[in-house]
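Residues per chain are reported as follows:
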Amino acid sequence: MKAIYLFGTVGEDFTAKSVAAELAGADEVEVHVNSGGGDVFDGLAIYNVLKNHSDEVTIYVDGIAASAASLIICAGDNVYMAANGLIMVHQAAAGLAGYYGADELDKVGAMLATLKESIVTTYEARTGKPREELEKLVEAETWLDATAAKALGFVDEITD
């Protein structure tokens, strides 16, 4: 059993590249998550690397799985969450600095809309909930305690 700890910021403290390297040659994997999120692209790539792992992936939400980290936990064959843990889901955002024309801002808006679709698709695959219900959660920036996360299907079991 290989244990991987994803603590910190997605895309900075750990990346899809570093997770893939840790998975190399591993059989069963246990992933512990405590992350406020980070880069959505790395989050989606880590999800896919874990989802495509050849053996069982068990994920533990040890503290928080927010933003991009909430995508990562959806890859687990089994997902456990601490009774005092949290999950937060929201729409992707872009930070901009400088001066932009309407056409450039439209492109950013289209990119963010596409990212929202990827996020909802990931949650839909994990939870089996209707897309419209998940879109509302994402649009509202929703914080879930362990009970709510289990009821929605983000996690399978709540741990002490």
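Our subject is the structure that appears above.
Residues numbered from 1 in each chain as written. Predicted model: local features only at pLDDT ≥ 70, side-chain atom pairs only at ≥ 80, totals over all residues. Heavy atoms only, no water.

Describing the overall build of the protein chain
In step 1: Helix and strand counts for the protein chain come out as six helices and seven strands.
In step 2: Listing the helices and strands of the protein chain from first to last along the sequence gives β-α-β-α-β-α-β-β-α-α-β-α-β.
In step 3: In summary, the protein chain has a C-alpha radius of gyration of 16 Å against a globular reference of 15 Å for 160 residues, a match within 12%.
In step 4: By its C-alpha atoms, the protein chain is 50 × 35 × 25 Å across when sized along the principal axes.
In step 5: Burial analysis of the protein chain (160 residues in total) assigns 41% to the buried set.
In step 6: Looking at the protein chain alone, contacts between residues at least 24 apart form 68% of all its contacts between residues at least 6 apart.
In step 7: Within the structure as shown, the protein chain displays about 7,900 Å² of accessible surface, and the carbon and sulfur contribution to it stands at 49%.
In step 8: Placing the 10 positive and 26 negative side-chain charges of the protein chain at their respective mean positions leaves the two points 4 Å apart. (Helix = DSSP H or I, 4+ residues; strand = E, 2+ residues; numbered from the N terminus. Rg over C-alpha atoms; globule rule 2.2 N^0.38 Å. Buried < 20%, exposed > 50% of the residue type's maximum accessible area, 1.4 Å probe, protein only. Contact = heavy atoms within 4.5 Å. Areas by Shrake-Rupley, 256 points an atom, 1.4 Å probe, with all protein chains shown as cover. Lys, Arg positive; Asp, Glu negative; His and termini not counted. Charge placed at Lys NZ, Arg CZ, Asp CG, Glu CD.)

What about the packing of helix 4 (residues 102-127) against helix 5 (residues 131-139)?
In step 1: Viewed as axis vectors pointing N to C, helix 4 and helix 5 meet at an angle of 125°, and their least axial separation amounts to 9 Å. Of the possible angle classes, the one that applies to helix 4 and helix 5 is oblique. Where helix 4 crosses over helix 5, the two elements pack in a sense that is right-handed. For the pair helix 4 and helix 5, the contacting residues are Lys116, Glu117, Ile119, Val120, Thr121, Tyr123, Glu124 and Thr127 in the first and Arg131, Leu134, Glu135, Val138 and Glu139 in the second.
In step 2: By residue class, the composition of the contact of helix 4 with helix 5 is five nonpolar, two polar and six charged. (Axes fitted to C-alpha atoms, helices over the stretch in contact; angles between N-to-C directions. Parallel < 35°, antiparallel > 145°, perpendicular 65-115°, else oblique. Left-handed = near helix turned anticlockwise from the far one by under 90°. Nonpolar A, V, L, I, M, F, W, Y, C, P; charged D, E, K, R; others polar.)

Quick look at helix 5
In step 1: Three or more residues of helix 5 are buried, namely Arg131, Leu134, Leu137 and Val138. When helix 5 is viewed along its axis, its buried side chains cluster within an angular range of 120° and face the same direction. Summarising the geometry of helix 5, the exposed residues directed more than 90 degrees from the buried face are Glu132 and Lys136.
In step 2: Tucked inside the fold, the buried residues of helix 5 contact strand 5 (86-89), helix 4, strand 6 (142-145) and helix 6 (146-152).
In step 3: After helix 5 finishes, the residue Glu141 shows a positive phi value of roughly 50°. (Arc of directions from axis to C-beta.)

Function-wise, these values are silent; they only describe arrangement.
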